[in-house]
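# Observations on the three-dimensional arrangement
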Amino acid sequence: MTQTEPSIFTRIIDREIPADVVYEDDSVIAFNDIAPQAPVHVVVVPKTADYRDVVELASGDPALLAHVVEVAKQVADERAGGEFRLIFNNGESAGQTIFHVHAHVLGGGLSEGTLGSK
Ligand code: AMP
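Note that the structure is a prediction, hence the values are computed from the model and not measured. (Residues numbered from 1 in each chain as written. Predicted model: local features only at pLDDT ≥ 70, side-chain atom pairs only at ≥ 80, totals over all residues. Heavy atoms only, no water.)

Moving on, we come to the site of the ligand. In the vicinity of the ligand there are 15 residues, among which Asp33, Asn89, Gly95, Thr97 and His104 approach most closely. Taking Asp33, its side chain carries an N or O atom lying 2.5 Å from an oxygen atom of the ligand. Here an oxygen atom of the ligand sits 2.8 Å away from a polar atom, N or O, in the side chain of His104. Its free accessible area being 500 Å², the ligand has 88% of it covered by the protein chains. Within the residue set of the shell around the ligand, elements represented by two or more residues are helix 1 (8–13) and strand 2 (28–32). The residue inventory of the shell around the ligand, partitioned by class, reads six nonpolar, seven polar and two charged. (Near = heavy atom within 4 Å. Polar contact = N/O pair within 3.5 Å; in protein donor to acceptor, adjacent residues only side chain to side chain. Areas by Shrake-Rupley, 256 points an atom, 1.4 Å probe, with all protein chains shown as cover. Helix = DSSP H or I, 4+ residues; strand = E, 2+ residues; numbered from the N terminus. Nonpolar A, V, L, I, M, F, W, Y, C, P; charged D, E, K, R; others polar.)

Here it is, written out as structure tokens:
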């Protein structure tokens, strides 16, 4: 998609604003969410700004989506005993606030009833 200005996540990727980065490679970055909703809450973000949500990513670059899932698993292995909830918010009414595709990795002890509320 065409964006008029870089997303917060692009600015983190470009090191214009700080983040607590826990993983990075050529195509993906992962960092602690600034407003954690679980003991472990990491956001996994493809570096490309071409996809606004997981539906666009799945059709445009399924291998990159698979890589996001692999990184989520690696983060959970290192920080949450390997078990985790993986959330993609799609659209404003579903809670999406940043339109640069990203996965929320939640773990480390999730309470009942948090499905759908991050
Ligand atoms: P979503 O609501 O699904 O679009 O997720 C956006 C997430 O980005 C939210 O959970 C925010 O807390 C998180 N977030 C926003 N700004 C930052 C930041 N500067 N560093 C880390 N996480 C952030």
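Looking at where Asp25 falls in the secondary structure, it is placed in the loop between strand 1 (21–24) and strand 2. Given a relative accessible area of 19%, Asp25 falls into the buried group. In this structure the C-alpha to C-alpha distance between Asp25 and Lys47, which are 22 residues apart in sequence, comes to 9.2 Å. Ignoring sequence-local partners within four residues, the contact set of Asp25 consists of Lys47 and His67. Within the local environment of Asp25, its side chain forms a polar contact with the side chain of His67, the two groups lying 2.7 Å apart. (Buried < 20%, exposed > 50% of the residue type's maximum accessible area, 1.4 Å probe, protein only. Contact = heavy atoms within 4.5 Å.)

As enumerated under the stated definition, the model contains one aromatic pair in all. Centroid distance Phe9 to Phe31: 5.5 Å. Interplanar angle 65 degrees. Geometry classified as edge-to-face. Taken together, the positions of Phe9 in helix 1 and Phe31 in strand 2 put the pair 22 residues apart, joining distant regions of the chain. Here the two residues Phe9 and Phe31 agree in accessibility, since each one is buried. (Phe/Tyr/Trp six-rings, centres within 6.5 Å; stacked < 30°, edge-to-face > 60°.)

Bringing the nonpolar core into the picture now. The nonpolar side chains of a soluble globular protein tend to be buried, and buried together. Counting 21 residues, the largest nonpolar core has Ala30, Val42, Val44 and Val71 as its most contacted members. At the level of secondary structure, the elements contributing two or more residues to this core comprise strand 1, strand 2, strand 3 (40–46), helix 2 (54–60), helix 3 (62–79) and strand 5 (103–107). If one sorts the elements of this core by residue count, helix 3 sits on top with seven residues. Once residues within four sequence positions are removed from consideration, Ala30 is found in contact with Asp20, Val21, Val22, Tyr23, Val42, Val43, Val44, Val71 and Val75. In terms of nonpolar packing, the next biggest core, distinct from the first, is built from eight residues, Phe9, Ile13, Val43 and Val45 among them. (Core = buried A, V, L, I, M, F, W, Y, C linked by side-chain atoms within 4.5 Å.)

One pass over the structure, following the stated rule, counts four salt bridges. Among the ionic pairs, Lys47 bridges to Glu24, the shortest N-O distance being 2.9 Å. On the criterion of sequence distance, the pair formed by Lys47 in the loop between strand 3 and helix 2 and Glu24 in strand 1 is long-range, its members being 23 residues apart. Overall, the relative accessible area of 25% leaves Lys47 in the partly exposed class. Of the charged contacts in the structure, one is a salt bridge between Lys73 and Asp77, with a shortest N-O distance of 2.8 Å. With Lys73 and Asp77 both in helix 3, this residue pair falls four residues apart, about one helical turn. (Salt bridge = Lys/Arg side-chain N within 4 Å of Asp/Glu carboxyl O.)

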